[in-house]
Amino acid sequence: MAKRRQAATAAQDGPDARLVALGRELRRTIRRARRQRRQTSTSKDWSGTLDDALGLVHRIGSVPAIGLEGLAIKLWAVTWFLDETDAVLDVKGLRQLRALDREARRLAGTAAA
């Protein structure tokens, strides 16, 4: 547990700290949207939360990555966006993008989203 805290502190103070913070916010927003989809929330609640998540993806895309961790966060955000919005119609292309996302996260040493 102490190693996780150290890694979290290093990430907060690291060169990609802004992307790390935005990535955490995006993960929380995605989890909230998934809960709203499962529960009896109105579709307006879910739609608003999804719009928030899409806005975060846009913000993440506008922040330059300094290291592998930042690049992994950006790649994960884009992968989620393409998967969630069905923007990638080719299944093979989406599979390749997911594999690249996993590889970048592995290299950066970050956990799966």
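Each chain carries its own residue numbering, running from 1 in the direction its sequence is written. Where totals are concerned, whole chains, interfaces and linings use all residues; where local detail is concerned, this predicted model gives features only for residues with pLDDT of at least 70, and gives and counts side-chain atom pairs only at 80 or more. With hydrogens and water excluded, all non-hydrogen atoms of the structure serve as input to the side-chain values.

Comments concerning the packing of aromatic side chains
Then, number 1: By convention, a stacked pair of Phe, Tyr or Trp rings (six-membered ring in the case of Trp) has centres within 6.5 Å and planes under 30 degrees apart, an edge-to-face pair has planes over 60 apart, and any other such pair is tilted. Applying the stated criterion across every chain, the model contains zero aromatic pairs.
Then, number 2: Of note, Arg27 hangs over the ring of Trp76, and the distance from its end group to the ring centre comes to 4.4 Å. Only Lys NZ and Arg CZ are tested; either one counts as a charge over a ring when it is within 6 Å of the ring centre and within 35 degrees of the ring normal.

Focus on helix H5 (residues 91-108)
Then, number 1: Taking 1.5 Å as the rise per residue, H5 with 18 residues should run 26 Å; its terminal C-alpha atoms sit 26 Å apart, in good agreement.
Then, number 2: When we look at burial in H5, the residues that qualify are Leu94, Leu97, Asp101, Ala104 and Arg105. Down the axis, H5 shows its buried residues gathered within 95° of arc, on one side only. Facing away from the buried side of H5 by more than 90 degrees, the exposed set consists of Lys92, Arg95, Arg102 and Arg106.
Then, number 3: The contact definition used throughout considers only heavy atoms, calling two residues in contact when any of these lie within 4.5 Å. Strands here mean DSSP runs of E at least two residues long; helices mean DSSP runs of H or I at least four residues long; both are numbered from the N terminus. On its buried side, H5 packs onto helix H4 (68-85).
Then, number 4: Just beyond H5, the residue with positive phi is Gly109, at close to 75°. Here the expected span of a helix is defined as 1.5 Å times the quantity of residues minus one. Categorising residues by exposure relies on relative accessible area from a 1.4 Å probe, with only protein chains included: less than 20% of the type maximum marks a residue as buried, more than 50% marks it as exposed, and the intermediate range marks it as partly exposed. Our arc is simply the arc of the directions from the helix axis toward the C-beta atoms.

Examining the packing of helix H2 (residues 17-38) against helix H3 (residues 43-62)
Then, number 1: Structural elements are reduced to axes, namely lines fitted to C-alpha atoms, with helices fitted over the stretch in contact, and the angle between N-to-C directions of any two is expressed from 0 to 180 degrees. Contact pair H2 / H3: the axes reach a minimum separation of 9 Å and the direction vectors enclose 160°. Comparing the axis directions of H2 and H3 gives the class roughly antiparallel. Viewed along their axes, H2 and H3 form a crossing whose handedness is left-handed. Side by side, H2 and H3 meet where Leu19, Leu22, Gly23, Glu25, Leu26, Thr29, Ile30, Arg32, Ala33, Gln36 and Arg37 of the first sit next to Asp45, Trp46, Thr49, Asp52, Ala53, Leu56, Val57, Arg59 and Ile60 of the second.
Then, number 2: Residue polarity is assigned by list, with Asp, Glu, Lys and Arg as charged and Ala, Val, Leu, Ile, Met, Phe, Trp, Tyr, Cys and Pro as nonpolar; anything else, Gly included, falls into the polar class. For the contact of H2 with H3, the residue count by class is 10 nonpolar, four polar and six charged. Throughout, the term roughly parallel applies to angles under 35 degrees, roughly antiparallel to angles over 145, roughly perpendicular to angles from 65 to 115, and oblique to all others. Left-handed describes a crossing whose near helix is turned anticlockwise from the far helix through less than a right angle; right-handed describes the clockwise counterpart.

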